[in-house]
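Residue strings, one per chain:
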Amino acid sequence: MELVDKVAKAVVIVLLVTLQADYSRQALPLVINTWNFSNATLRAHQSLTVGEFSAVDALVEGCSVCEREQCDGTVGYGGSPDESGESTLDAMIMDGTTMNVGAVAALREIKHAVAVAKHVLENTKHTLLVGSQATDFAVMMGFQRETLQTDRSKEMWEQWKINHCQPNFWTNVIPSPSMSCGPYEPISENTIIEDWSLVPENGDTQKLESSEPEFGRYNHDTIGMIVIDSNGHVVAGTSTNGARNKIPGRVGDSPIAGSGAYADSTVGAAAATGDGDIMMRFMPSLLAVEGLRQGLNPMLAGEAALARIAKHYPDFVGGIVVATKDGEYGAACHGLTQFPYSVAQGTGPESQVVVKTVNCRKKRN
């Protein structure tokens with residue numbers, strides 16, 4: 001009978017962890033991040049509670065774990081090659097006490113993107129550095145140039161080329177991006193179509209599109225992390241290698257303050273993940289924090305932010321984690337079945353990492 005009771009209690013604990021959480025206790029310090037990247041969560045939390053790191057340094061420690069472990073192949077080197085086969089990185093840190101931001105985008109040949117973002121935060125008066133110039137800055141800060149390609153990323157790119165570069169992000173160009181790898185040129189009234197087999201049957205040459213890229217956990221993702229230390233210092237940040245098969249030079253929502261993440265130590269923070277080209281048009285992390293400011297709980301604040309996007313783009317895919325300055329937290333999502341997120345909270349034995357899930361609003365049929 002005692003064994004049955006223990007099993008029953010274990011089942012209840014599992015259910016409480018995996019079902020959508022309508023309630024979260026308030027305790028600091030708190031680390032919460034997108035997806036089940038629990039090693040990153042643990043590292044950040046231990047940095048606060050054992051290492052006595054600052055909130056900024058704890059966030060860098062946590063996100064760096066995902067960069068090294070190549071979480072889901074969507075964070076760090078060796079993932080999401082662009083059309084030329086190159087992997088580039090985006091990362092951002094926002095300090096909710098100073099309201100300062102440091103970010104890098106389309107970072108080339110440097111593996112430690114979030115650490116470079118910290119140098120932008122602390123060693124410049126700028127907010128965002130991009131591309132090869134961001135690489136030059138990183139080298140000045142002591143980082144080493146090294147390839148971000150791996151055998152796996154090369155294989156992904158080669159398979160994409162074999163598949164006639166499908167899917168891709170081109171539209172209104174010729175030759176048809178649904179059947180060709182380019183190079184492309186824009187369609188105009190004076191365009192001469194030399195191969196009419198590439199034009200849709202309805203003859204519409206004004207909108208020649210590729211097959212639609214599918215956004216999801218394994219081809220376009222971010223670690224978005226919130227760190228709140230025991231003094232209520234709120235920090236949020238991101239790290240990602242962006243959308244697979246992106247057009248070279250593309251920057252998504254992750255390194256954009258208010259979009260990929262936002263922090264305000266007087267209120268709380270949010271961090272988002274998903275279809276960055278859509279989500280960055282609505283600044284969901286900022287919207288969620290403003291929802292907290294208006295009195296919404298974290299889950300409702302996240303849902304309200306994503307609902308704003310869904311009104312215009314009902315097929316978008318994304319998720320968001322939200323936390324108050326006091327340590328109450330929640331999550332929301334759209335277009336997936338469920339969205340897992342990782343939490344570590346407090347300083348006692350109960351402060352172990354827990355992976356929770358939230359049920360998502362579905363895309364339209």
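Keep in mind it's a predicted model, so treat the numbers as computed, not measured.

Criteria and cut-off values
Residues numbered from 1 in each chain as written. Predicted model: local features only at pLDDT ≥ 70, side-chain atom pairs only at ≥ 80, totals over all residues. Heavy atoms only, no water. Helix = DSSP H or I, 4+ residues; strand = E, 2+ residues; numbered from the N terminus. Contact = heavy atoms within 4.5 Å. Areas by Shrake-Rupley, 256 points an atom, 1.4 Å probe, with all protein chains shown as cover. Pairing = 2+ DSSP bridges. Axes fitted to C-alpha atoms, helices over the stretch in contact; angles between N-to-C directions. Buried < 20%, exposed > 50% of the residue type's maximum accessible area, 1.4 Å probe, protein only. Phe/Tyr/Trp six-rings, centres within 6.5 Å; stacked < 30°, edge-to-face > 60°. Disulfide = S-S within 2.5 Å. Salt bridge = Lys/Arg side-chain N within 4 Å of Asp/Glu carboxyl O. Core = buried A, V, L, I, M, F, W, Y, C linked by side-chain atoms within 4.5 Å. 1 Å grid on protein atoms, 1.4 Å probe; cavity = no way out; pocket = protein on both sides within 12 Å on 5 of 7 lines; lining within 4 Å. Points joined across faces, edges and corners; volume = space filled by probe spheres on them. Arc of directions from axis to C-beta.

Enquirer: For this particular structure, what's the right way to read the overall build of the protein chain?
Expert: Assigned secondary structure in the protein chain consists of nine helices and 14 strands. A fraction of 65% describes how many contacts in the protein chain between residues 6 or more apart in sequence connect residues 24 or more apart. Within the structure as shown, the protein chain displays about 16,700 Å² of accessible surface, and the carbon and sulfur contribution to it stands at 51%.

Enquirer: I keep staring at the sheet that holds strand S14 (residues 354-359) and nothing clicks. Help me out?
Expert: Sheets are built from strands that pair by backbone hydrogen bonding, the pairs being arranged parallel or antiparallel. On the basis of which strands lie adjacent, the open sheet formed by eight strands has the order S4-S3-S2-S8-S7-S1-S13-S14 and mixed pairing. The open sheet has two free edges, formed respectively by strand S4 (128-130) and S14, since each of these has just one partner strand. Strand-to-strand twist in this sheet, taken as the mean axis angle between neighbours without regard to direction, amounts to 15°. Pairing analysis gives six bridges linking strand S2 (residues 89-95) to strand S8 (residues 234-240), with the strands arranged antiparallel. Considered in S8, the bridge of Ala91 is made with Ser239.

Enquirer: Looking at this structure, how should I read the pairing of S2?
Expert: As a general feature of sheets, a regular strand has side chains that alternate between the two faces. Among the seven residues of S2, seven are classified as buried, and the element is accordingly described as predominantly covered. Alternating residues of S2 divide into Leu89, Ala91, Ile93 and Asp95 and Asp90, Met92 and Met94, and every residue in both groups is buried. Sheet analysis places S2 next to strand S3 (residues 100-107), joined by six bridges and oriented antiparallel. Pairing of Ala91 across the sheet is with Val104, part of S3. A loop of four residues connects S2 with S3, the two strands running antiparallel in sequence, and Met99 in this loop sits at a positive phi of about 60°.

Enquirer: Is there a simple way to think about the packing of aromatic side chains in this case?
Expert: How two aromatic rings sit relative to each other is set out by the distance from centre to centre and by the angle between their planes. Applying the stated criterion to the full structure yields four aromatic pairs. Taking the centre distance of 6.4 Å and the plane angle of 75° together, the rings of Tyr329 and Tyr341 count as edge-to-face. Taken as a pair, Tyr329 in strand S12 (residues 329-334) and Tyr341 in strand S13 (residues 338-345) lie far apart in primary sequence, twelve residues in all. The pair Tyr329 / Tyr341 is uniform in exposure class, with both members buried.

Enquirer: What is the right way to look at the state of the cysteines in this model?
Expert: Per the counting criterion, the structure on display carries three disulfides. What pairs with Cys66 in a disulfide is Cys71, and their sulfur atoms sit 2.1 Å apart. Taking the sign of the torsion about the S-S bond as the criterion, the disulfide between Cys66 and Cys71, at about -95°, is left-handed. The pair formed by Cys66 and Cys71 is uniform in burial state, with each residue classed as buried. The disulfide that involves Cys333 links it to Cys360, with 2.0 Å between the sulfurs.

Enquirer: Explain the pattern of salt bridges to me, please; I cannot follow it from the model alone.
Expert: For side chains bearing opposite charge, pairing can occur when the charged atoms are close. Per the counting criterion, the structure on display carries ten salt bridges. Residue Arg43 pairs with Glu61 through a salt bridge whose shortest N-O separation is 2.7 Å. Here Glu61 lies in helix H3 (residues 55-69) and Arg43 lies in helix H2 (residues 38-49), a separation of 18 residues in the sequence. Its relative accessible area of 37% is what places Arg43 among the partly exposed residues. Residue Glu61 is classed as partly exposed on the basis of its relative accessible area, which comes to 22%. Two residues, Glu86 and Arg108, come together in a salt bridge whose shortest N-O distance is 2.8 Å. Highlighted residues: Glu86 in the loop between H3 and S2 and Arg108 in the loop between S3 and helix H4 (113-123), separated in sequence by 22 residues. If you follow the salt bridges from partner to partner, you end up with Glu109, Asp136 and Arg145 in one network.

Enquirer: Any chance you could explain the nonpolar core here in plain terms?
Expert: Nonpolar side chains in soluble globular proteins tend to end up buried together. The biggest cluster of nonpolar side chains holds 83 residues, and the ones touching the most others in it are Ile32, Ile93, Met225 and Ile226. The element that contributes the greatest number of residues to this core is H3, accounting for eight residues.

Enquirer: Explain empty space enclosed by the protein here, please?
Expert: A water-sized probe rolled over the atoms picks out the places where empty space is left. Counted according to the given criterion, the structure contains three cavities of 30 Å³ or more. Considered as a void within the structure, the second largest cavity measures approximately 50 Å³ in volume. Around the second largest cavity sit Glu303, Leu306, Ala307, Ala310, Ala332, Cys333, His334 and Arg361, which together line it. For the lining of the second largest cavity, the elements supplying multiple residues, two or more each, are helix H9 (298-312) and S12.

Enquirer: Before we go on, may I ask you to explain helix H5 (residues 131-140) in this structure?
Expert: Along an α-helix, a turn takes 3.6 residues, which lines up residues three or four apart on a common side. Buried within H5 are the following residues: Gly131, Ala134, Thr135, Phe137 and Ala138. All buried residues of H5 project into a common sector of 160° when viewed along the axis, lining one side. Counted as exposed and oriented over 90 degrees from the buried face of H5: Gln133 and Met140. Elements that come into contact with the buried residues of H5 comprise S3, H4 and S4.

By themselves, these figures tell us nothing about what the structure is for.
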